[in-house]
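# Close look at the chain arrangement
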Amino acid sequence: QVQVVESGGGLVQPGGSLRLSCAVSGFTLESYTIGWFRQAPGNKREGLSCLSGEDGTTYYVDSVKGRFTISRDNAKNTVYLQMNSLKPEDTAVYYCAAKRATVEAMCRLWGPINYWGEGTQVTVSS
């Protein structure tokens, strides 16, 4: 059974950091592209960063380049999103997802996503 489970969200002050984790089961990271997305109230879900399981290629949306880093631990079947220099506008529910696609296709939400997690809340506030 395929599962995608996010963790690591919480409340952080502006300028602070958080590391989100995405633990997957039912498949190996090498066989899928894993992506991080977020959705704030009233906004569409947007892709932030995606990582190819096949070759390690990464993709970042401009708004998070230089602040967020995606990485993986194949032994733990887990993908991470390190978020630094957080801003109030980063407040959202963050989702992890898996799809057989290129990193750009996945992060730009071209076509349906195979598997979504339930999401984890990130709140950036003083």
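These numbers come from a predicted model, not from an experiment. Residue positions are given per chain, counted from 1 along the sequence in the order it is written. Given that the model is predicted, a residue must reach a pLDDT of at least 70 before its local features are reported, and side-chain atom pairs must reach 80 or more before they are shown or counted; all residues, however, enter totals for whole chains, interfaces and linings. Only hydrogens and water are set aside; all other atoms, that is, all heavy atoms of the structure, feed into the side-chain values.

Let us now look at the pattern of salt bridges. Each salt bridge in this description consists of a side-chain nitrogen of Lys or Arg and a carboxyl oxygen of Asp or Glu lying within 4 Å of one another. For the structure on display, the rule yields five salt bridges. Among the ionic pairs, Arg108 bridges to Glu104, the shortest N-O distance being 2.9 Å. Only protein chains enter the area calculation, which uses a 1.4 Å probe; residues under 20% of their type maximum are buried, those over 50% are exposed, and those in between are partly exposed. On the basis of relative accessible area, Arg108 is assigned to the partly exposed category, the value being 44%. Residue class for Glu104 comes out partly exposed when judged on its relative accessible area of 32%. Salt bridges linked by common partners bring Arg38, Glu46, Arg67 and Asp90 together as one network.

Put simply, DSSP marks the helices as runs of H or I at least four residues long and the strands as runs of E at least two long, and each gets a number from the N terminus on. Among the secondary structure elements, Thr33 is positioned in strand β4 (residues 33-39). Assessed through its relative accessible area of 3%, Thr33 is described here as buried. Reaching out from Thr33, the side chain makes a polar contact with the backbone oxygen of Ala101 at a distance of 2.6 Å. In what follows, residue pairs with any heavy atoms lying within 4.5 Å of each other are defined as contacts. Setting aside its immediate chain neighbours within four residues, Thr33 contacts Cys50, Leu51, Ser52, Gly53, Ala97, Ala98, Lys99, Ala101, Thr102, Val103 and Met106. As used in this structure description, the phrase polar contact means that two N or O atoms lie within 3.5 Å; if the pair is within protein, one of them must be able to donate a hydrogen and the other to accept it, and residues adjacent in sequence are counted only when both atoms belong to side chains.

A pair of aromatic rings is counted whenever rings of Phe, Tyr or Trp (Trp by its six-membered ring) have centres within 6.5 Å, and the orientation is called stacked for planes under 30 degrees apart, edge-to-face for over 60 and tilted otherwise. Applying the stated criterion to the full structure yields five aromatic pairs. When the ring of Phe37 is compared with that of Trp116, the centres are 5.0 Å apart and the planes differ by 65 degrees; the resulting orientation is edge-to-face. Placement of the pair is Phe37 in strand β4 and Trp116 in strand β10 (residues 115-116), with a sequence separation of 79 residues. The exposure class assigned to Trp116 is partly exposed, which follows from its relative accessible area of 32%. Judged by centre distance (6.2 Å) and plane angle (85 degrees), the ring pair of Tyr95 and Trp116 falls under edge-to-face. One end of the pair, Tyr95, is in strand β9 (residues 92-99); the other, Trp116, is in strand β10, and 21 residues separate them in sequence. Note on Tyr95: relative accessible area 13%, which makes it buried. Aromatic rings pair up to connect Phe27, Tyr32 and Tyr115 into one cluster. For a lysine, the NZ atom is tested; for an arginine, the CZ atom; a charge sits over a ring if that atom is within 6 Å of the ring centre and within 35 degrees of the ring normal. Lying across the ring of Tyr95, Arg45 places its NZ or CZ 3.7 Å from the centre. The ring centre of Tyr32 lies 4.4 Å from the NZ or CZ of Arg100, which sits over that ring.

Just distances and angles here, no functional claims.
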